[in-house]
Amino acid sequence: MFNNKKNTFEQHDNEKKSYYKYSIEANDESIELQSNLQVDVCVIGGGFTGVSAALHLEKKGYKVALLEARKIGWGASGRNGGQLTCGLRKDQSIIENILGFDHAKELWNLSLESVQEVLKNIKDYNIDCSIVNGVMSAGYFKEDYRYFSNLIEHSSKKYNFNEYKLFNLTEIKEEINTNKYYSGLLNNISYHLNPLKYLLGLSKKLKSLNKNIFENSHALDIEEFADKLVVKTDKGKVTANYVVCGCNGYLDALLGKIRNKFMPINNYIIATEPLGQKKAEEIIRNNYAVCDTRFIIDYYRFSEDWRMLFGGGETFTSNFLHDPIKIVSNRMYKIFPNLKEYNIDFAWGGTLAITVNRLPHFGTLLNDKLIFCHGYSGHGIGLSNLAGKLISEKISGNPERFNFFRDINHLTIFGGDFLRRPIYAAAIGYYKIRDII
Ligand SMILES: Cc1cc2nc3c(=O)[nH]c(=O)nc-3n(C[C@H](O)[C@H](O)[C@H](O)COP(=O)(O)OP(=O)(O)OC[C@H]3O[C@@H](n4cnc5c(N)ncnc54)[C@H](O)[C@@H]3O)c2cc1C
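Attention here is on the structure that accompanies the text.

Cut-offs used in this document
Residues numbered from 1 in each chain as written. Predicted model: local features only at pLDDT ≥ 70, side-chain atom pairs only at ≥ 80, totals over all residues. Heavy atoms only, no water. Near = heavy atom within 4 Å. Polar contact = N/O pair within 3.5 Å; in protein donor to acceptor, adjacent residues only side chain to side chain. Areas by Shrake-Rupley, 256 points an atom, 1.4 Å probe, with all protein chains shown as cover. Helix = DSSP H or I, 4+ residues; strand = E, 2+ residues; numbered from the N terminus. Nonpolar A, V, L, I, M, F, W, Y, C, P; charged D, E, K, R; others polar. Phe/Tyr/Trp six-rings, centres within 6.5 Å; stacked < 30°, edge-to-face > 60°. Buried < 20%, exposed > 50% of the residue type's maximum accessible area, 1.4 Å probe, protein only. 1 Å grid on protein atoms, 1.4 Å probe; cavity = no way out; pocket = protein on both sides within 12 Å on 5 of 7 lines; lining within 4 Å. Points joined across faces, edges and corners; volume = space filled by probe spheres on them.

We now examine the site of the ligand. With respect to spatial proximity, 37 residues lie near the ligand, and among them T49, E68, S77, Q83 and A219 are the closest. Between the ligand and E68, the relevant distance is 2.7 Å, taken from an oxygen atom to a side-chain nitrogen or oxygen of the residue. Contact with the protein chains hides 97% of the accessible area of the ligand, taken as 1000 Å² for the molecule alone. Secondary-structure elements contributing two or more residues to the shell around the ligand are helix 2 (48-59), strand 15 (344-355) and helix 10 (380-395). Here the residues of the shell around the ligand are counted per class, giving 14 nonpolar, 21 polar and 2 charged.

Our focus in this paragraph is the packing of aromatic side chains. Tallied over the full model, the rule gives 19 aromatic pairs. Between Y19 and F346 the ring centres are 5.9 Å apart and the planes differ by 65°, which places this aromatic pair in the edge-to-face class. Linking Y19 in helix 1 (residues 19-23) with F346 in strand 15, this pair joins segments that are 327 residues apart in sequence. F346 matches Y19 in its accessibility class, with the two residues each being buried.

We now examine empty space enclosed by the protein. This structure, assessed with the given rule, holds 1 cavity of 30 Å³ or more. Approximately 40 Å³ is the volume attributed to the largest cavity. In terms of lining, the largest cavity is formed by S52, L55, H56, K59, E117, N121, Y125 and L202. Within the residue set of the lining of the largest cavity, elements represented by two or more residues are helix 2 and helix 4 (101-124). Broken down by element, the lining of the largest cavity gets its largest block of residues, 4 residues, from helix 2. Classifying every residue of the lining of the largest cavity gives 3 nonpolar, 3 polar and 2 charged.

As structure tokens, this is what we get:
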């Protein structure tokens, strides 16, 4: 129905060498959809959004089927930087200007809940995903100290949030062993974790409740038929009252023009050989995850076996870099030159969905029967998990909290399929230059 346009082939895979994949037990078992099914809700996408939505709906008593084109965790949810923080990708003061204070405050509270949602899942389902407390924002520019101070004051005054800790030039150097940063801001309500282990823990719970979890089952089209929706794969179809679409950066043409509400961009991560705890703590004293304040950010942390996982470098063409080692390691050596003596064991990338205002894009089509959530703009671990909960609330007749996200207005990235990438890349090029000067 929507799929009247050709795919742009934005879905690529260079994930074969991911550290996360190495860190889990190999499991090639998967069930493919090969028949016709009738359910209450058909969920498309086996990342955090889809799995969380399916699990919440299942627990509310809905009959659910989930279709994942490849494997659960194949997408960004199984490849990301593992940094779980409250807030959104834009500062609250900016969101207040866009949406007004009351709306901004609802979003802030939901972002706090999103972190608690992940923590609760880890506890309730006993998921071993090596979670560690603390994400440090590292001030790359001199003026960041003032920026951080203002943020602390604003958060305390307007949101009664007092969980930030400020670090000056000397203090940040004690925490992160580089002379690249001028200051730091630690958020106590923040964590880092192995995202693939977390997602597989969540999907293990889902699979224990529901046998209709299909992998290698690409949703090719969604048709409206009487008051039902029919999702087709090449070997079967699912007829449902509702369809949930959680495809994020891999959505492509499935919902037609909806894809023009965000830009799918590719981001890359490398993993060194294990450094050992002692060496790792010489580099990041308290094992925090770190992200810097540039427009094109560096983000990094140590894995559970003390490898440096360093992320950074974005590409905007639809071609994936098949060997991102050079581009990412050059960024890493600028911050930590001593890491040159260690091997790089893994390098991979993933696709995320960035909206123009950096706020998530939630919405519905076909008289509210088709629900989509995407565009977390690099801040998706908490928000996509929360999205699943809000989708289940909406389907069960309580749309209020879903609507706080739905009611955000999003610009369309103009230029159509041919020009939107060059236009966007040119805009990002401008910010890259600004980072340098
Ligand atoms: C390199 C990288 C680093 C990141 N770092 C962080 C971070 O540190 N912190 C943070 O908060 N966020 C981070 N993010 C963003 C975060 O990973 C995402 O926002 C989040 O995982 C989105 O989850 P999702 O379930 O919506 O999408 P995804 O996990 O991408 O899942 C979408 C799934 O849909 C499937 N799919 C697509 N089309 C179809 C179809 N037609 N039929 C069936 N299945 C389909 C895909 O195969 C895929 O598995 C990062 C992202 C990347 C790529």
